[in-house]
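These are the residues of each chain, in order.
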Amino acid sequence: MIRSVRELPTVPGVYRFRDDAGKVLYIGRARNLRRRVQSYWVNVGDRPHLARMVRRIARVEGVSCDSEHEAAWLERNLLEHSKPRWNRIEGGAEVVGYIRLSSGSKPGLRFEHSVTGPSPHFGPYLGGLRIRQAISGLHRVLPLQYTVEGDGSAEEFGRLFGIGPGDREALARTAIAVLQRDPAAVSGLREELVRRRDRAAAELRYEFAAKVQGELEALDWIVAEQKVAWLEPTDVDVYGWADGVLVRFEVRGGRMCTWTVRAVHEATARERVAATPEPWRTFAQRNAELAARLLKVTS
């Protein structure tokens with residue numbers, strides 16, 4: 001096993017294998033970078049095509065991400081930009097989607113495959129099922145769909161929940177705060193879902209408890225820290241430098257699409273690192289330090 005694997009962190013991220021010539025062989029993602037990459041040397045007996053690839057690996061590179069969702073997006077973006085030989089698909093298999101906040105006669109949260117119309121949209125997110133489960137969890141606690149007038153059945157359900165048209169604005173504000181990852185709003189919604197899950201389990205309603213647990217996990221997925229794919233079409237170059245190694249991430253149209261590592265002197269890197277936007281600096285510095293450790297062990 002390549003010694004640098006032990007330098008990988010036990011966090012979500014993306015990994016990349018290179019051969020002796022520096023050519024990229026494979027790009028993948030992981031919930032636990034170190035464990036996943038180690039598995040290529042201990043658990044590929046039933047996948048002969050991967051065993052052939054492993055014999056050619058000369059260097060391992062990694063990006064430490066802030067969440068599994070961020071790692072999933074970064075893998076997808078990298079593969080859409082350039083597909084190495086050993087990757088079978090150009091991008092991730094998950095569906096891309098958005099959550100739209102509707103108003104008018106049909107208030108509520110809706111799954112959308114793209115941004116349509118003037119209504120507020122949140123995302124993008126990966127995973128059609130997860131997005132729909134998150135919407136279900138939000139509606140369970142914030143039943144916007146029942147804050148209507150003129151719809152008999154919806155009004156009846158609203159009375160059962162103790163809400164009406166006058167509650168729509170407050171519920172919408174809370175939903176927006178959750179989707180904007182406001183910590184207090186997210187914590188409040190999670191606590192209520194946990195309370196309903198635990199009450200259902202105590203009452204032996206295990207199927208319902210499992211449904212709410214799925215909604216909790218989906219909520220965690222969509223509100224997790226995620227910087228590598230945004231609704232806004234941002235263009236920026238992100239740099240980090242550590243111990244003689246410069247890492248560059250290229251963001252185009254709101255998507256981080258390339259990632260390069262090279263050795264440079266601090267004087268060369270200083271201006272580029274200084275120009276990196278503040279929200280990216282911790283991410284870039286952390287990954288420059290990781291790249292430097294990996295290169296040091298490999299060389």
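Remember, predicted model here, so these are calculated numbers, not experimental data. Per-chain numbering applies: the sequence of each chain, read as written, is numbered from 1 onward. Thresholds applied to this predicted model are a pLDDT of at least 70 for local features of residues and 80 or more for the giving and counting of side-chain atom pairs; totals over whole chains, interfaces and linings are not thresholded and use all residues. Derived side-chain values reflect all non-hydrogen atoms in the structure, with water molecules and hydrogen atoms excluded from consideration.

Draft legend 1. The overall build of the protein chain, seen in detail. Helix and strand counts for the protein chain come out as 10 helices and nine strands. By its C-alpha atoms, the protein chain is 70 × 45 × 30 Å across when sized along the principal axes. We call a residue buried when its accessible area falls under 20% of the maximum for its residue type, exposed when it is over 50%, and partly exposed in between, using a 1.4 Å probe and counting protein chains only. Every one of the 299 residues in the protein chain was classed for burial, and the buried ones make up 49%. Taking all contacts inside the protein chain whose residues are at least 6 apart in sequence as the whole, residues at least 24 apart take part in 62%. All accessible-area figures derive from a Shrake-Rupley calculation using a 1.4 Å probe, and residue coverage is judged against the displayed protein chains alone. As presented, the protein chain carries roughly 15,100 Å² of accessible surface, and 50% of it is formed by carbon and sulfur atoms. Put simply, the protein chain has 47 plus and 38 minus side-chain charges, and the middle of one group is 7 Å from the middle of the other. Comment: elements are numbered from the N terminus, with helices defined as DSSP H or I runs of at least four residues and strands as E runs of at least two. For this analysis, residues touch if any pair of their heavy atoms sits within 4.5 Å. Working convention for charge: Lys and Arg count positive, Asp and Glu count negative, and His plus the chain ends are omitted. Throughout, a charge is located at the NZ atom of Lys, the CZ atom of Arg, the CG atom of Asp or the CD atom of Glu.

Draft legend 2. How the structure looks around the packing of helix α4 (residues 128–141) against helix α8 (residues 206–223). At a closest axis distance of 7 Å, the pairing of α4 and α8 adopts a crossing angle of 110°. Here α4 lies roughly perpendicular to α8, going by the angle between them. Touching Arg130, Gln133, Ala134, Ser136, Gly137 and Arg140 of α4 are Phe208, Lys211, Val212, Gly214, Glu215, Ala218, Leu219, Trp221 and Ile222, all from α8. Comment: axis = line fitted to C-alpha atoms, over the contacting stretch for helices; angle = value between 0 and 180 degrees taken between N-to-C directions. Oblique is the label for any angle not under 35 degrees, not over 145, and not in the 65 to 115 range, which are roughly parallel, roughly antiparallel and roughly perpendicular in turn.

Draft legend 3. The arrangement of the side chain of glutamate 250 in detail. Summarising the element assignment, glutamate 250 is placed in strand β8 (residues 245–252). Apart from residues no more than four positions distant in its own chain, glutamate 250 is found in contact with Val236, Asp237, Arg255, Met256, Cys257 and Thr258.

Draft legend 4. View of the sheet that holds strand β9 (residues 255–263). With antiparallel pairing, three strands are arranged side by side in an open sheet as β7-β8-β9. This sheet does not close on itself; its edge strands, each paired only once, are β7 (236–242) and β9. Between one strand axis and the next, the sheet turns by 15° as a mean value, whatever way the strands run. Relative to β9, β8 is paired through eight bridges, and the arrangement is antiparallel. Its bridge partner lying in β9, phenylalanine 249 is registered against tryptophan 259. Contacts between helix α10 (residues 278–298) and the sheet are confined to β7, β8 and β9, with β7 contributing the most and set at about 45° to the helix. Here the rule is simple: two strands pair whenever DSSP picks up at least two bridges between them.

Draft legend 5. Main features of the packing of aromatic side chains. A pair of Phe, Tyr and Trp rings is counted when the ring centres sit within 6.5 Å of each other, with Trp represented by its six-membered ring. The angle between the planes then sorts it: under 30 degrees is stacked, over 60 is edge-to-face, the rest tilted. Evaluation of the coordinates by the stated rule reveals nine aromatic pairs. Measuring from centroid to centroid gives 5.3 Å for tyrosine 15 and phenylalanine 17, while their planes differ by 45°, and the two rings are tilted. The exposure classification of tyrosine 15 matches that of phenylalanine 17, with both residues buried. These aromatic residues form a ring-pair network of at least three members: Tyr15, Phe17, Tyr26, Tyr40 and Trp41. Above the ring of tryptophan 221, the side-chain terminus of arginine 130 is found at 3.7 Å from the ring centroid. Two thresholds decide whether a charge sits over a ring: the Lys NZ or Arg CZ must be within 6 Å of the ring centre and within 35 degrees of the ring normal. Lying across the ring of phenylalanine 111, arginine 132 places its NZ or CZ 4.0 Å from the centre.

Draft legend 6. Region of the structure containing the sheet that holds strand β5 (residues 108–112). In space, the three strands of this open sheet follow the order β5-β4-β6, with antiparallel pairing throughout. Edge positions in the open sheet fall to β5 and β6 (121–126), since each of these has one partner strand only. Neighbouring strand axes in the sheet, compared pairwise and without regard to direction, differ in orientation by 25° on average. Pairing geometry for strand β4 (residues 96–102) and β5, over five bridges, is antiparallel. Residue pairing across strands places serine 102 opposite glycine 108, the latter belonging to β5.

Draft legend 7. Seen up close, the pattern of salt bridges. Within this document, salt bridges are pairs made up of a side-chain nitrogen of Lys or Arg and a carboxyl oxygen of Asp or Glu, the two lying within 4 Å of each other. Considering all chains together, one arrives at 26 salt bridges under this definition. Across the pair glutamate 215 and arginine 140 runs a salt bridge, and its minimum N-O distance is 2.7 Å. With glutamate 215 in helix α8 and arginine 140 in helix α4, this pair connects stretches of sequence that are 75 residues apart. By relative accessible area, arginine 140 is classed as buried at 17%. Three or more residues are tied together by salt bridges with common partners; here these are Asp66, Glu70, Glu225, Lys227 and Arg286.

Draft legend 8. Here's a closer look at the pairing of β4. For β4, the tally of buried residues reaches seven of seven residues, placing the bulk of the element in the interior. A two-sided burial pattern is seen for β4, the buried positions comprising Val96, Tyr98, Arg100 and Ser102 on one face and Gly97, Ile99 and Leu101 on the other. In the sheet, β4 pairs with β6 via four bridges, with the strands oriented antiparallel. In the strand pairing of β6, arginine 100 is matched with histidine 121.

Draft legend 9. How the structure looks around α4. Expected helix span is given by 1.5 Å per residue-to-residue step, counting one fewer step than there are residues. Over its 14 residues, α4 extends 21 Å from the first C-alpha to the last, a length consistent with the 20 Å expected when each residue adds 1.5 Å. Within α4, the full set of buried residues consists of Gly128, Ile131, Ala134, Ile135, Gly137, Leu138, His139, Arg140 and Val141. Packing partners of the buried residues in α4 comprise β4, β5, β6, α6 (168–179), α7 (183–202) and α8.

Draft legend 10. Structural detail: the state of the cysteines. The definition used for a disulfide is geometric: two cysteine sulfur atoms within 2.5 Å. Under the defined criterion, the tally for this structure stands at zero disulfides. Free of any disulfide, cysteine 257 has its nearest cysteine sulfur in cysteine 65, 15 Å distant.

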